[in-house]
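Analysis of the macromolecular model
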Amino acid sequence: KVARFSGLDGSSVLKLLGVDAREGEGCSVSSRLDGFPLAPDAKLELLSIGDISLRVGGRVQTLAPRLFPDLASTASGWFYATGAELEAADGGVERDEYALSALGEQGIGHFELTLSAPSAVDGLRLDGKPPLTLARDADVQLAWDPEDMRAQLELEIYAGGSVLSCSARDDGQFTLPAAKLALLEADPQASIVVRRVIALSTEMQGVESALVRFATTRTATLAVQ
């Protein structure tokens, strides 16, 4: 998404566009129905930079700009999305090299970028066991197979109408605090989402600040007790 905005800071822009770029380590609990406060003068315009080409291995996919529906008269313009999936190369898509590029429009948005995907999060455990159940009355030790201290692990647990969101360094261990877990609703069909995220700055023609956020995601069912 390429945005021109006013009355908003960068963090608020990312959240409005569906990216919660958390920094550091910690957890928070919120409601799925929590609103997003916006100043009366907040404006966000999403710009088209023409088609974006995504290449992995010998396969190429084109992401075309689509009109974004106005959001409470605050955000309007163009965004890029695709419902298709690229087939994994032999051995899996992880570690494949991805090349993204766009020609830009009206002097804005030309870029070329090549990067490798982070690997999926393996060996996920809660108190030493596979993540099948989660008790809310004590600290829970989250563990996984670490990969890269420059990466970040993000975790969300969706239980009833509540959401626990945590971020941690990719060092293989993190404590889910009992004080936060106690705020979750009990839910036998809760879900846990885990991402390994690499974020880096890049250059894009005519854009003051450009951020690439590349994540591999896994989702599983979890019983919150």
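Our structure is the block above this text.
Attention here is on the structure that accompanies the text. The structure displayed is predicted, hence computed values, not measured ones.

As for the packing of aromatic side chains
Tallied over the entire structure, the rule returns one aromatic pair. Note on Tyr98 and Phe214: the rings are 5.1 Å apart at their centroids and 85 degrees apart in plane angle, and the pair reads as edge-to-face. Here Tyr98 is found in strand 8 (residues 97-102), whereas its partner Phe214 is found in strand 17 (residues 210-224), with 116 residues between them in sequence. With respect to burial, Tyr98 and Phe214 carry one shared label: buried.

So, the nonpolar core
Among the nonpolar cores identified, the biggest contains 24 residues, and Leu134, Leu142, Trp144, Ile157, Phe174 and Leu176 are the most heavily contacted of them. Of all the secondary-structure elements, those providing two or more residues to this core are strand 12 (140-143), strand 13 (152-159), strand 14 (162-169), strand 15 (173-176), strand 16 (187-202) and strand 17. Ranked by residue count, the leading element in this core is strand 13, at four residues. With 19 residues, the next largest nonpolar core counts Val2, Ala102, Phe111 and Val212 among its residues.

Remarks on unusual backbone geometry
Of note in the backbone geometry, Gln106 takes a positive phi value of approximately 55 degrees without being a glycine. Within the element layout of this structure, Gln106 appears in the loop between strand 8 and strand 9 (111-116). Of note, the phi angle at Asp127 is positive, near 50 degrees, even though the residue is not glycine. Among the structural elements, Asp127 can be located in the loop between strand 10 (125-126) and strand 11 (133-134). For Asp127, a relative accessible area of 47% gives the class partly exposed.

A closer look at the pairing of strand 13
Counted residue by residue, strand 13 has seven buried out of eight residues, so it is predominantly covered. The sheet contact formed by strand 13 and strand 14 spans eight bridges and is antiparallel. For Glu154, the partnering residue across the bridge sits in strand 14 and is Ser167. Linking two consecutive strands that pair antiparallel, namely strand 13 and strand 14, is a turn of two residues; a positive phi of about 60 degrees is found at Gly160 within it. Of the pairings in the sheet, the one linking strand 13 to strand 16 comprises seven bridges and is antiparallel in character. Across the sheet, the residue bridging to Gln152 is Val197, located in strand 16.

So, the pattern of salt bridges
Oppositely charged side chains can form a pair if their charged atoms are brought close together. Considering all chains together, one arrives at 10 salt bridges under this definition. The salt bridge involving Arg4 is made with Glu45; its shortest N-O contact spans 3.1 Å. Of this pair, Arg4 sits in strand 1 (residues 2-6) while Glu45 sits in strand 3 (residues 43-47); the two residues are 41 residues apart in sequence, bridging distant segments of the chain. Since its relative accessible area comes to 44%, Arg4 is described here as partly exposed. The class of Glu45 is partly exposed, set by a relative accessible area of 35%. Linking Arg169 and Asp171 is a salt bridge whose minimum nitrogen-to-oxygen distance equals 3.9 Å. The exposure class assigned to Arg169 is partly exposed, which follows from its relative accessible area of 41%.

Here's the deal with the pairing of strand 16
For strand 16 and strand 17, the ladder comprises 14 bridges, and the chain directions are antiparallel. Note that in strand 17 the partner of Ile192 across the bridge is Ala220.

Side note on the sheet that holds strand 9
Think of a sheet as strands paired side by side through backbone hydrogen bonds, with each pair either parallel or antiparallel. Pairing in this open sheet of four strands is antiparallel, and the strands run 5-4-8-9 from one edge to the other. Of all strands in the sheet, those with a lone pairing partner are strand 5 (59-63) and strand 9, marking the two edges. Within the sheet, the average angular offset between the axes of one strand and its neighbour, ignoring direction, is 15 degrees.

The rules we used
- Residues numbered from 1 in each chain as written.
- Predicted model: local features only at pLDDT ≥ 70, side-chain atom pairs only at ≥ 80, totals over all residues.
- Heavy atoms only, no water.
- Phe/Tyr/Trp six-rings, centres within 6.5 Å; stacked < 30°, edge-to-face > 60°.
- Helix = DSSP H or I, 4+ residues; strand = E, 2+ residues; numbered from the N terminus.
- Buried < 20%, exposed > 50% of the residue type's maximum accessible area, 1.4 Å probe, protein only.
- Core = buried A, V, L, I, M, F, W, Y, C linked by side-chain atoms within 4.5 Å.
- Pairing = 2+ DSSP bridges.
- Salt bridge = Lys/Arg side-chain N within 4 Å of Asp/Glu carboxyl O.
- Axes fitted to C-alpha atoms, helices over the stretch in contact; angles between N-to-C directions.

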